[in-house]
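Listed here are the chains, written in short residue letters.
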Amino acid sequence: MTRFAAAFAKPHAALVTFVTAGDGDTAAVLDALVAGGADVIELGMPFTDPMADGPAIQAANLRSFAAGTTTADILAIAKGFRARHADIPLVLMGYANPMTVRGADWFAAACKDSGVDGVICVDIPFEEDDSLGPALRAAGVDQIRLATPTTDAARLPAVLDGAGGFLYYVSVAGITGLQQAAQASIEEAVARLRTQTDLPIAVGFGVRTPEQAANIARVADGVVVGSALVELVAQHGADAPRHIESFTRSLAAAIHGAKEIAA
Amino acid sequence: MSTQPNSFRTQPDERGHFGIFGGRFVAETLMPLVLDLEREYRAAQSDPAFAAEFDDLLTHYVGRPSPLYYAERLTEELRKDAPAGKGAQIWFKRDELNHTGAHKINNCIGQILLARRMGKTRIIAETGAGQHGVATATVCARFGLPCVIYMGARDMERQQPNVFRMKLLGAEVIGVESGARTLKDAMNEALRDWVANVHDTFYIIGTAAGPHPYPELVRDFQSVIGKEARAQLLERTGRLPDLLVAAIGGGSNAIGLFHPFLDDPSVRMLGVEAAGHGLDNEHAASLAGGAPGILHGNRTYLLQDEDGQIDEAHSISAGLDYPGIGPEHAWLRDIGRVEYTSATDTEALGAFQLLCRTEGIIPALEPSHAIAAVTKVAREMNRDAIIVVNLCGRGDKDIFTVAEALGTRI
Ligand SMILES: Cc1ncc(COP(=O)(O)O)c(C=O)c1O
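The present account deals with the structure reproduced in this document.

Focus on the layout of surface pockets
All names here are of chain B.
Okay, so step 1: Looking at the largest pocket, its volume works out to about 380 Å³.
Okay, so step 2: If you trace the largest pocket, you find 17 residues lining it, with Glu-157, Arg-158, Phe-400, Thr-401 and Glu-404 closest to the centre.
Okay, so step 3: Put simply, the parts of the chain that give the lining of the largest pocket at least two residues each are helix 6 (153–158), helix 7 (160–168) and helix 16 (399–405).
Okay, so step 4: Among the elements that take part in the lining of the largest pocket, helix 16 stands out by supplying five residues, more than any other.
Okay, so step 5: A per-class count over the lining of the largest pocket returns six nonpolar, six polar and five charged.
Okay, so step 6: When we break the lining of the largest pocket down by domain, the ones giving at least three residues each are domain 1 (18–60 + 104–218) and domain 2 (65–101 + 223–405).
Okay, so step 7: A volume near 240 Å³ is recorded for the second largest pocket.
Okay, so step 8: Along the wall of the second largest pocket there are 14 residues; nearest its centre are Tyr-41, Ala-51, Phe-54, Asp-220 and Phe-221.
Okay, so step 9: Elements represented by at least two residues in the lining of the second largest pocket include exactly helix 1 (31–45), helix 2 (48–62), helix 9 (214–222) and helix 10 (224–237).

See the structure below:
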């Protein structure tokens, strides 16, 4: 069983957490996420031009660059994580240019070598899949695709073709960290997606509180929380891991308990 | 070269690729909208009413055709220290005389007509020098649509007259504080707005870049420059030019001039990037100093580091201060059909003053780069050779920047 399959085979929905690589002591932050109960880790690759990100993640990217973070550093963070946590799926999330600048094959091999299970590339839609997808699939790295409120029935099969790991439903048309979607629209979307795929469905964008996360966990297979965690890094600096762990614990409790309430 | 295509004018392919460049590198949220735009553009292309409305507005609102002008005194000035028999004739395609003072309006007319066809009720745009912002605000006023312009905070400082113009025209101007606070950052912010407002918003991109079909449709709307120039020169001299020269920010005025001539093998073309403080220093010459990469919806040459992080560009000209270039130029350069060079801030300032004094024309700093390149190449070409330069903008917006650079207080 792959790490993704195992993470989503648990009797409860998965907590998927996002933090930006190189923002603060990332190894300690990742360990805190795991200690708090995160089921899947998304590690953001900072980019100078994060077009799909709101203010919180933009600022995290700047802090990471100010600390001198390079792609080599990010891969080393991934490798270190994998050495410490054999079973937790690790995803790199970012933008096309840093992922493809040395060639898609180079990046796919580097992911494999660093123990990365999946990749989310924000600005490569399936129309441009040949820029990255074939290399990832050849290396055995899952390509996690995004479905959005604008992904209609006609597009969905092509979005799913070649997708692996889980399907990431971006619940709002917008950037990270700002609005949150209405619960009803999320339920409707997840139900619609389920008729088209057997992949686990994780829902993200704008999820900030354990209550929201629990509501989503009743219908989805995973809940993604990003900006709210990144803000804790901003707020607490070197002291962040402690705060991250306790917030993650509250999210995990809400998400992991949600299905039972529904049953 | 044996690999040359039969025609240079059939790009892009159906996926929006110019060779390896171009494409549609956008978030999934935007993809359906980008496809809608392409469908609507194809429909408009085969609708005579669209062309008729576009042409009518260009004639009566923009003031086209713009003149093609023989710059006799500049030509003579450059001949003074040219070798015997050298010193080509310099002609200007005078798009600085357009309503709003630059070529940018040609494209804005086309895109606002598309926005209306698509039923969009809100317009956004990015701007560097403010010329595209002013042109967008202008067409929004003309068609009664609300308009939000994203502009780097640094560009707002150096292009204050245009900021005020946009506000007079009823646009909301939002200063962008991220990054180097210039054009690239304004484009990021416009894309963020667009992704959050896909249902009602049309993004009028200001140059021949971005996701397909923007590079193609901006080129097509700007091609009025080259079509007119071709007909005007043929009528006046009975011949085609030997060389076309244009400044390159994203490349829209240049591709607009070049494209109608691409299949005329006798016509050489020269695009002029901004070399800023010099190519070994801070600059904005993405072909000279960049490498292929992916940004703002397309694959093209970018100023970037080995990790694919985008470098900040620098140019005295806010309109050229961008670390990328439209994908068609990237392709034209790789196949060798168009040559590219660069001019520094200092050279552009020199050309700016030269044109003021020899021709009584105050050019924008952007085409001043093209003129700087012309002052070099004209001296190497025969006297009977004809150079057509795209004088794509007027310099009113730049007088404060130039005064400061020259150490004058106004
Ligand atoms: C007068 C003028 N020329 C040129 C440019 C550069 O754009 P492009 O390369 O798309 O023509 C600008 C951009 O603001 C401009 O205002």
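Section: the sheet that holds strand 6 (residues 147–152) of chain B
Residues and elements named next belong to chain B.
Okay, so step 1: Pairing in this open sheet of four strands is parallel, and the strands run 7-6-5-8 from one edge to the other. Every interior strand has two partners, whereas the edge strands, strand 7 (172–176) and strand 8 (201–203), have only one. Pairs of neighbouring strands in the sheet enclose a mean axial angle of 25°, with direction left out of account.

Brief notes about helix 10 (residues 210–217) of chain A
Okay, so step 1: Across the eight residues of helix 10 of chain A, six count as buried, placing the element largely inside the fold.
Okay, so step 2: By the burial criterion, the buried members of helix 10 of chain A are Pro-210, Gln-212, Ala-213, Ala-214, Ile-216 and Ala-217 of chain A.

Observations concerning the nonpolar core
Okay, so step 1: Counting 196 residues, the largest nonpolar core has Phe-166 and Tyr-168 of chain A as the members making the most contacts within it.
Okay, so step 2: Looking at which domains feed residues into this core, each of domain 1 (18–60 + 104–218) and domain 2 (65–101 + 223–405) of chain B gives three or more.
Okay, so step 3: When neighbours within four sequence positions are excluded, Tyr-168 of chain A is seen to be in contact with Glu-42, Met-93, Ile-120, Ile-144, Arg-145, Leu-146, Ala-147, Ala-202, Gly-204, Phe-205 and Val-224 of chain A.

Structural notes on unusual backbone geometry
Okay, so step 1: Between Gln-11 of chain B and Pro-12 of chain B the backbone carries a cis peptide bond, its omega angle lying at 0°.
Okay, so step 2: Considering the arrangement of structural elements, one finds Pro-12 of chain B in the segment before strand 1 (17–18).
Okay, so step 3: In the segment running from Arg-64 of chain B into Pro-65 of chain B, the intervening peptide bond is cis, with an omega of 0°.
Okay, so step 4: Following the sequence through the fold, Pro-65 of chain B ends up in the loop between helix 2 and strand 3 (68–70).
Okay, so step 5: Backbone geometry at Phe-205 of chain A places phi at a positive 90°, although glycine is not the residue there.
Okay, so step 6: Residue placement: Phe-205 of chain A occurs in the loop between strand 8 (201–204) and helix 10.
Okay, so step 7: Overall, the relative accessible area of 11% leaves Phe-205 of chain A in the buried class.

Re the environment of Arg-239 of chain B
Residues and elements named next belong to chain B.
Okay, so step 1: Mapped onto the elements of the fold, Arg-239 is located in the loop between helix 10 and strand 9 (243–247).
Okay, so step 2: Once residues within four sequence positions are removed from consideration, Arg-239 is found in contact with Leu-233, Leu-234, Asp-384 and Ile-386.
Okay, so step 3: Among the polar contacts listed, one links the side chain of Arg-239 to the side chain of Asp-242, at a separation of 2.4 Å.

Re the site of the ligand
Residues and elements named next belong to chain B.
Okay, so step 1: Around the ligand, a shell composed of 17 residues is seen, among which Thr-207, Gly-249, Gly-251, Ser-252 and Asn-253 lie nearest.
Okay, so step 2: Contact between the ligand and Lys-104: an oxygen atom at 3.0 Å from a side-chain N or O atom of the residue.
Okay, so step 3: Taking Gly-251, its main chain carries an N or O atom lying 2.7 Å from an oxygen atom of the ligand.
Okay, so step 4: Here the ligand, which alone exposes 390 Å², has 98% of that area covered by the protein.

Topic: the interface of chain B and chain A
Okay, so step 1: At the interface, 34 residues of chain B touch 35 residues of chain A.
Okay, so step 2: At the boundary of chain B with chain A, total buried surface from both sides reaches about 2,800 Å², with 48% on carbon and sulfur atoms.
Okay, so step 3: If you sort the residues of chain B by the area they bury against chain A, Glu-28, Arg-192 and Asp-307 of chain B come out on top, with a joint share of 25%.
Okay, so step 4: Put simply, chain B and chain A have five salt bridges between them.
Okay, so step 5: Glu-28 of chain B is the salt-bridge partner of Arg-155 of chain A, the closest N and O atoms lying 2.9 Å from each other.

Reading guide: rules and limits
- Residues numbered from 1 in each chain as written.
- Chains lettered and ligands numbered in written order.
- Predicted model: local features only at pLDDT ≥ 70, side-chain atom pairs only at ≥ 80, totals over all residues.
- Heavy atoms only, no water.
- 1 Å grid on protein atoms, 1.4 Å probe; cavity = no way out; pocket = protein on both sides within 12 Å on 5 of 7 lines; lining within 4 Å.
- Points joined across faces, edges and corners; volume = space filled by probe spheres on them.
- Helix = DSSP H or I, 4+ residues; strand = E, 2+ residues; numbered from the N terminus.
- Nonpolar A, V, L, I, M, F, W, Y, C, P; charged D, E, K, R; others polar.
- Domains from an automatic or database assignment.
- Pairing = 2+ DSSP bridges.
- Axes fitted to C-alpha atoms, helices over the stretch in contact; angles between N-to-C directions.
- Buried < 20%, exposed > 50% of the residue type's maximum accessible area, 1.4 Å probe, protein only.
- Core = buried A, V, L, I, M, F, W, Y, C linked by side-chain atoms within 4.5 Å.
- Contact = heavy atoms within 4.5 Å.
- Polar contact = N/O pair within 3.5 Å; in protein donor to acceptor, adjacent residues only side chain to side chain.
- Near = heavy atom within 4 Å.
- Areas by Shrake-Rupley, 256 points an atom, 1.4 Å probe, with all protein chains shown as cover.
- Buried area = accessible area lost by both parts, 1.4 Å probe.
- Salt bridge = Lys/Arg side-chain N within 4 Å of Asp/Glu carboxyl O.

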